[in-house]
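# Results of the structural survey
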Amino acid sequence: MKILSIDGGGYRGIFAAHVLKRIEQKFSASWPSDFSLIAGTSTGSIIAAGLACGLSAHDICELYRINGHEIFKKRPYSRLGLTSSRYRSANLKNILTDVFTDKRLGDVKTPLLIPSTDIGNGCVHVLKSAYDPGFFRDPDVLIVDAILASCSAPTYFDPYITDRYMLADGGLWANNPSLIATVEAKRRLGAKLEDLEVLSIGTGTGKKYYSQRPSFFKRMMGWGFATRWGGTKFINMILNLQSETASNTLQLLLEKDQIVRVNFTSDNNLSLDDPGMYADLCSKADKEFTYNSSKIAAFFTYQRSKELHADQTRKSR
């Protein structure tokens, strides 16, 4: 059983979308039929929902390229996210509505998993398509609403209210949804751990957020959220830590050859909201695709050889 997992990361989702575009071109990937479960958090939920609904990775790349500056158009007097969120959800909602119209999670045939955070009740909230007959909560939720809930990162977008729940970014606890997708495949879809294969696409990991030798000006500041913690820098670090933790835990749970992880690292803090990174992120995606191409090829070749063997076995009966 194949799982596709896509991390959160704001505009850096173009990295994941471009990697998937290259996979689509090179290996003729057909996302809804090649994967038994697709999971995406925050910006990854845009990509995951798009693929599950039949969009191509190329189309999703174009969505980021064309609309990045509109999505991340700063509100007046909110540049630091101190008194209000930096961006209006309405801009993103309009763009998503053009793509997904009035489709609901219950209309999605491919198992789709979108993490969010229920800040009203202080718990996790995972939005799911109707792949289990016991699911009653989410089938009528608009796909647009599910994505907006998962994308509502603190200080970037306001929490999103849908179906009486006040929801925020799923990246607060599942920025890399590969681990919870694996658990879901075992629990809900009846998969055995040894039969799972996971293609996990990241959006970049920053490795340096705080210096042990700050400038004199920094040393004069206290460790307040808006001063030395750096506000959005702190949020970015939390998201990165969660992604790394999920990836490391999954590697302990599954065998090495069951996971293909495509990601990149940076020595610096990676912005979540800079459309000016488009060319650099696409270049990094090309590099990481090339570096991991043999693993990706084996991932798809192994799947299709199993399908061929199963088909031949059925015909011989």
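The coordinates are above.
In what follows, the accompanying structure is described. Bear in mind the structure is a predicted one, so any value in this text is a computation, not a measurement. Every chain is numbered independently, its residues counted from 1 as its sequence is written. Totals for whole chains, interfaces and linings use every residue, but because this is a predicted model, local features are given only for residues with pLDDT of at least 70 and side-chain atom pairs only at 80 or more, for both listing and counting. Hydrogens and waters are ignored; side-chain quantities use all the structure's heavy atoms.

## What about the packing of helix α1 (residues 13-27) against helix α4 (residues 57-71)?
Going by this rule: Lines fitted to the C-alpha atoms define the axes, with helices restricted to the stretch that makes contact. Angles between their N-to-C directions range from 0 to 180 degrees. Runs of E in the DSSP output that reach at least two residues are strands. Runs of H or I that reach at least four are helices, and both are numbered from the N terminus. Convention used here: angles under 35 degrees read as roughly parallel, angles over 145 as roughly antiparallel, angles from 65 to 115 as roughly perpendicular, and any remaining angle as oblique. Left-handed describes a crossing whose near helix is turned anticlockwise from the far helix through less than a right angle; right-handed describes the clockwise counterpart. Residues count as neighbours in contact if any of their non-hydrogen atoms are within 4.5 Å of one another. Polarity classes work like this: nonpolar for Ala, Val, Leu, Ile, Met, Phe, Trp, Tyr, Cys and Pro, charged for Asp, Glu, Lys and Arg, and polar for all others, with Gly in that last group.
At a closest axis distance of 8 Å, the pairing of α1 and α4 adopts a crossing angle of 155°. Classified by the interaxial angle, the pair formed by α1 and α4 is roughly antiparallel. Note that α1 runs across α4; the crossing there is left-handed. Contact with α1, carried on its side by G13, I14, A17, H18, L20, K21 and E24, involves A57, H58, I60, C61 and Y64 of α4 and no other residues of that element. For the contact of α1 with α4, the residue count by class is seven nonpolar, three polar and two charged.

## Section: helix α8 (residues 178-187)
Where we set the bar: Buried, partly exposed and exposed residues are distinguished by accessible area as a fraction of the type maximum, computed with a 1.4 Å probe on protein chains only: under 20%, between the cut-offs, and over 50%, respectively. Taking the helix axis as origin, the arc is that swept by the directions to the C-beta atoms.
Residues of α8 that are buried include every one of S178, A181, T182, E184 and A185, and no others. Buried residues of α8, seen end-on, are gathered within an arc of 165° and therefore sit on one face of the element. The secondary structure elements touched by the buried residues of α8 are β1 (2-6), β2 (37-40), β3 (112-118), β4 (123-128), β7 (197-201) and α10 (232-253).

## A few points about the pattern of salt bridges
Counted only if it meets this: Criterion for a salt bridge: a side-chain nitrogen of Lys or Arg within 4 Å of a carboxyl oxygen of Asp or Glu.
On inspection of all chains with the given rule, the structure shows 11 salt bridges. A salt bridge links D7 to R261, with the nearest nitrogen and oxygen atoms 2.9 Å apart. Of this pair, D7 sits in the loop between β1 and α1 while R261 sits in strand β9 (residues 259-262); the two residues are 254 residues apart in sequence, bridging distant segments of the chain. For the pair shown, D7 and R261 are each scored as buried. Close ionic contact of K287 with E288 constitutes a salt bridge, the shortest N to O distance being 3.6 Å.

## Some points on the pairing of β4
Rules: Between any two strands, pairing holds if DSSP finds at least two bridges.
As paired strands, β3 and β4 are joined by six bridges and run antiparallel to one another. Residue pairing across strands places L113 opposite K128, the latter belonging to β4. Linking β3 to β4, which pair antiparallel, is a turn of four residues; within it G122 sits at a positive phi near 65°.

## Describing the packing of helix α3 (residues 43-52) against helix α5 (residues 89-100)
Axis angle and axis distance: for two packed helices, these are the angle between their axes and the distance between the axes, and together they describe the pair. Packing of α3 against α5 leaves a shortest axis separation of 11 Å and a crossing angle of 15°. On the basis of their axis angle, the class for α3 and α5 is roughly parallel. Between α3 and α5 the crossing geometry is right-handed. Where α3 approaches α5, its residues I46, A49 and G50 are matched on the opposing element by L92, L96 and F100. Per-class residue counts for the contact of α3 with α5 are five nonpolar, one polar and no charged.

## Structural notes on empty space enclosed by the protein
The cut-off we apply is this: Only protein atoms enter the 1 Å grid used here. Points where a 1.4 Å probe fits but cannot escape make up a cavity, open sets with protein on both sides within 12 Å along at least five of seven lines make up a pocket, and a residue lines them when an atom lies within 4 Å of a point. Grid points are joined across faces, edges and corners, and a volume is the space filled by probe spheres set on the points.
The tally for this structure, following the rule as stated, stands at three cavities of 30 Å³ or more. The volume enclosed by the largest cavity comes to roughly 200 Å³. What lines the largest cavity is a set of 19 residues, and nearest its centre among them are G10, Y11, T43, F72 and F157. Here the residues of the lining of the largest cavity are counted per class, giving 12 nonpolar, six polar and one charged. Quantified by volume, the second largest cavity comes out at close to 40 Å³. Taken together, N176, S178, S200, S247, L250, Q251, I259 and R261 make up the lining of the second largest cavity. Every element with two or more residues in the lining of the second largest cavity is listed here: α10 and β9. Taken together, the residues of the lining of the second largest cavity break down into two nonpolar, five polar and one charged.

## Details of a nonpolar patch on the surface
Test applied: Like charges are joined within 9 Å and nonpolar side chains (Val, Leu, Ile, Met, Phe, Trp, Tyr) within 5 Å, but only among residues with over 30% relative accessible area and no salt bridge; these make up the patches. A 1.4 Å probe and the Shrake-Rupley method give the accessible areas. Residues count as covered only by the protein chains that appear here.
Taken together, the side chains of I119, I161 and M166 present a nonpolar region at the surface, about 270 Å² in accessible area. Structurally, I161 is set in strand β5 (residues 160-162). Under the relative-accessibility criterion, I161 is labelled exposed at 57%.

## Description of unusual backbone geometry
Not every positive phi belongs to a glycine, and T101 is a case in point at roughly 45°. Tracing the backbone through its elements, the reader meets T101 in the loop between α5 and β3. The phi torsion at D163 lies on the positive side, around 50°, for a residue other than glycine. Residue position: D163 is located in the loop between β5 and β6 (165-169). Judged by relative accessible area, which is 33%, D163 ranks as partly exposed.

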